[in-house]
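Here's the letter readout for the chains.
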Amino acid sequence: MNESRPPRLLAISDIHGHAEGLLLLLRQADYRAGFDRLILLGDYVNEEPDSWDTLLTIKTLTDQGARALPGNIDLRVAHVPNIPEKYRPLVAWIEAMPPYIVEDDFLFVHAGVKPGLPLERQSLRDLTEIREGFWHEKIGLSYTIVFGHTPTNKLGARPGKVWYGDKRLGIDTGAKHGHRLSLVNLSDELIYSCSTAPQAMYEDVRIERFIK
């Protein structure tokens, strides 16, 4: 392996069953498992079972060195009655995921944080489900918070674009809703994305710079 460049910090959220798109973007970014630092921010699946194989892809990536957080949907799927046999070993793995990850100057969470509380007092429910109470309030933490859960067009970004706020970076670019799936390279301030529109699935691959 040619390691002439330093390892990079990459993040992706709200894959919602688009495992093929995820792997495409990792190839586009020349992701090197066990060398680059990849943070996965949850909601890997939808509640429909035809998306659940994506959990197997995420598990493989974590076995190779990536780190994963749970999304609210992943936590629900882990507790459905009569979960199929091939997914049962993943239940304990999902439940053991950390509620947040701190890396460099970034705090990675699925949904956001409750303003005014230190990290150790944040509830898993807030970290995986909070919306309006987090978006624009003063947080009181020193990190730039990278989060998913809320499609960025609901925050004021154009559909398929990341959202930049006050020490906040929203990266759910609407893969579930036929917009785009985005992998952010925080080290080089690059965004790799592809369409998830049914008529152009995993096409229109783009590499763009952060626009703050």
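Please refer to the structure higher up on the page.
I will try to describe carefully the structure that is included in this document.

Thresholds, definitions, all that
- Residues numbered from 1 in each chain as written.
- Predicted model: local features only at pLDDT ≥ 70, side-chain atom pairs only at ≥ 80, totals over all residues.
- Heavy atoms only, no water.
- Helix = DSSP H or I, 4+ residues; strand = E, 2+ residues; numbered from the N terminus.
- Salt bridge = Lys/Arg side-chain N within 4 Å of Asp/Glu carboxyl O.
- Buried < 20%, exposed > 50% of the residue type's maximum accessible area, 1.4 Å probe, protein only.
- Pairing = 2+ DSSP bridges.

Another point: the environment of serine 4. Here serine 4 is to be found in the segment before β1 (9-12). Put simply, serine 4 and glutamate 47 are 43 residues apart on the chain and 42 Å apart in space, counted from C-alpha to C-alpha.

All chains considered together, the criterion is met by 15 salt bridges. Two residues, aspartate 30 and arginine 5, come together in a salt bridge whose shortest N-O distance is 4.0 Å. One end of the pair, aspartate 30, is in the loop between α1 (19-28) and β2 (37-40); the other, arginine 5, is in the segment before β1, and 25 residues separate them in sequence. Among the salt bridges present, the one from glutamate 103 reaches arginine 37, with a minimum N-O distance of 2.9 Å. With glutamate 103 in strand β4 (residues 101-103) and arginine 37 in strand β2, this pair connects stretches of sequence that are 66 residues apart.

Most of strand β10 (residues 190-195) is tucked away: six of the six residues are buried. With burial as the criterion, each face of β10 is covered, one bearing Leu190, Tyr192 and Cys194 and the other bearing Ile191, Ser193 and Ser195. In the sheet, strand β9 (residues 180-185) pairs with β10 via six bridges, with the strands oriented antiparallel. Bridged to leucine 181 within β10 is cysteine 194. In this sheet, strand β11 (residues 206-209) lies alongside β10 in antiparallel orientation, the contact comprising four bridges. In the strand pairing of β11, isoleucine 191 is matched with glutamate 208.

These figures come from the coordinates and say nothing about function on their own.
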